[in-house]
Amino acid sequence: MEYLSRLDDFTKDASSFSSVRYDEIESFRIRFLGKKGIIAELFAEFKNLPPDQRRQYGQKINTLKKLVQSRHRQLLKKLSGNKQVHGNDDLTLPGDPVFSGSHHPVSIIRNEIINIFFRLGFSVSEGPEIEDDLHVFTKLNFPPDHPARDMQDTFFIEKNIPVNVTKDILLRTHTSSVQVRVMEKQKPPIRTISPGRVFRNEAISARAHCIFHQVEGLYIDIDVSFAQLKQTLLYFTREMFGSGTDIRFRPSFFPFTEPSAEMDISCLLCGGKGCNVCKYTGWLEILGCGMVDPNVLETNGIDSNIFTGFAFGMGVERIAMLKYQINDLRLYFENDLRFLEQFATHI
Ligand code: PHE
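Heads up: these notes are all about the structure in this document.

Rules of the game
- Residues numbered from 1 in each chain as written.
- Predicted model: local features only at pLDDT ≥ 70, side-chain atom pairs only at ≥ 80, totals over all residues.
- Heavy atoms only, no water.
- Helix = DSSP H or I, 4+ residues; strand = E, 2+ residues; numbered from the N terminus.
- Contact = heavy atoms within 4.5 Å.
- Patch = residues over 30% accessible without salt bridge, like charges linked within 9 Å, V, L, I, M, F, W, Y side chains within 5 Å.
- Areas by Shrake-Rupley, 256 points an atom, 1.4 Å probe, with all protein chains shown as cover.
- Salt bridge = Lys/Arg side-chain N within 4 Å of Asp/Glu carboxyl O.
- Near = heavy atom within 4 Å.
- Polar contact = N/O pair within 3.5 Å; in protein donor to acceptor, adjacent residues only side chain to side chain.
- Nonpolar A, V, L, I, M, F, W, Y, C, P; charged D, E, K, R; others polar.
- Buried < 20%, exposed > 50% of the residue type's maximum accessible area, 1.4 Å probe, protein only.
- Pairing = 2+ DSSP bridges.

### Some remarks on the side chain of Ser-194
Thinking step 1. Topologically, Ser-194 is positioned in strand E5 (residues 190-199).
Thinking step 2. Aside from chain neighbours lying at most four places away, what touches Ser-194 is Ser-125, Thr-175, Val-178, Gln-179, Gln-214, Val-215 and Glu-216.

Written out as structure tokens, the structure is:
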């Protein structure tokens with residue numbers, strides 16, 4: 001009568017049992033309802049009872065059996081509604097979603113620019129963000145009193161008066177400094193682009209920021225012409241903005257190029273008819289360019305009687321703004337997921 005004498009304890013056990021683990025719930029079922037389980041043993045012993053006790057015990061065993069069955073059902077039901085299942089339990093549960101990140105629009109456009117020029121045979125060069133006056137200004141033909149050196153445009157880390165070309169340390173205001181470093185090290189032919197971050201002391205607004213990204217290009221060889229510059233930039237424009245895009249050049253000035261030009265593309269929105277994006281001109285300004293000033297070639301040890309070159313520089317944020325119709329520069333730097341997630345398919 002070993003089992004029958006513990007009938008009340010078994011009933012207590014069964015009604016207090018609880019678990020959120022499938023394996024524990026299954027052991028509970030086997031312990032009570034299995035072939036050699038408690039209920040089977042109880043019925044086996046039941047046969048040996050004197051007839052007058054059978055009715056009472058029979059009822060008790062049946063009650064226990066029902067209790068175990070309903071407890072088991074209850075726990076399983078709870079389990080299938082519970083997501084934190086351990087082990088290989090409910091295979092019908094949906095998997096945890098995995099979110100992949102997205103590239104920043106500045107990275108997407110920078111990579112696109114690099115790829116286009118890579119197809120034209122340009123290499124990629126990089127240089128330091130903290131620079132000296134020599135590489136950012138002096139070797140690019142900026143006169144000592146040029147306004148770009150002014151405190152309002154340049155973030156100086158160390159500034160001497162008058163200008164000290166190697167001791168004046170600053171954050172580069174353009175990546176033309178990288179091109180100076182390339183010219184110092186490499187003999188023509190040179191065909192390279194320099195993508196990177198640049199810094200200017202500007203008040204932050206929808207249209208200006210103190211940090212932005214540029215890709216500047218330099219091509220130096222025998223007989224490099226303005227016509228080649230135009231064709232290179234036309235190819236770039238049509239690859240970047242579509243084959244129907246036109247370009248135009250306006251005379252401009254940069255200390256390191258002569259002649260210099262500013263390049264516009266036909267408005268992407270109105271196609272040249274005039275709208276509020278192009279301020280009813282039909283054109284959008286996208287980059288500065290020109291023929292490398294012979295002075296720049298000479299200062300960097302390149303014979304300007306043999307070699308000529310062209311250079312250009314563009315702002316990555318500006319191109320991304322036009323391509324994606326982003327109307328506020330600050331969005332690039334705020335890391336707002338509602339903005340960044342929109343570029344998820346452009347990886
Ligand atoms: N360095 C110029 C700028 O930052 C761009 C430029 C590069 C213009 C090369 C002409 C030639 O605005």
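### Focus on a nonpolar patch on the surface
Thinking step 1. The grouping of Leu-268, Leu-269 and Val-277 at the surface amounts to a nonpolar patch, some 220 Å² of accessible area in total.
Thinking step 2. Locating Val-277 in the fold gives a position in the loop between strand E8 (257-266) and strand E9 (283-292).

### Quick notes on the site of the ligand
Thinking step 1. Near the ligand there are 13 residues, and of these His-174, Ser-176, Arg-200, Gln-214 and Glu-216 occur at the shortest range.
Thinking step 2. Interatomic distance of 3.0 Å between a side-chain N/O atom of His-174 and a nitrogen atom of the ligand.
Thinking step 3. One of the side-chain N or O atoms of Glu-216 is found 2.7 Å from a nitrogen atom in the ligand.
Thinking step 4. In isolation the ligand has 330 Å² of accessible area, and contact with the protein removes 89% of it.
Thinking step 5. When contributions to the shell around the ligand are tallied by element, the ones reaching two or more residues are strand E6 (211-221), E9 and strand E10 (308-315).
Thinking step 6. Take the shell around the ligand: its biggest share by element is three residues, from E10.
Thinking step 7. Looking at the shell around the ligand, its residues break down into five nonpolar, six polar and two charged.

### Looking at the pairing of E8
Thinking step 1. Burial runs high along E8: eight of the ten residues are buried.
Thinking step 2. The sheet contact formed by strand E7 (residues 247-254) and E8 spans seven bridges and is antiparallel. Residue pairing across strands places Phe-254 opposite Thr-257, the latter belonging to E8.
Thinking step 3. Counting the residues that bridge the hairpin from E7 to E8 gives two residues.
Thinking step 4. When E8 meets E9, the two strands line up antiparallel, connected through eight bridges. Paired with Glu-262 across the strands is Gly-288, a residue of E9.

Structural measurements only, silent on function.
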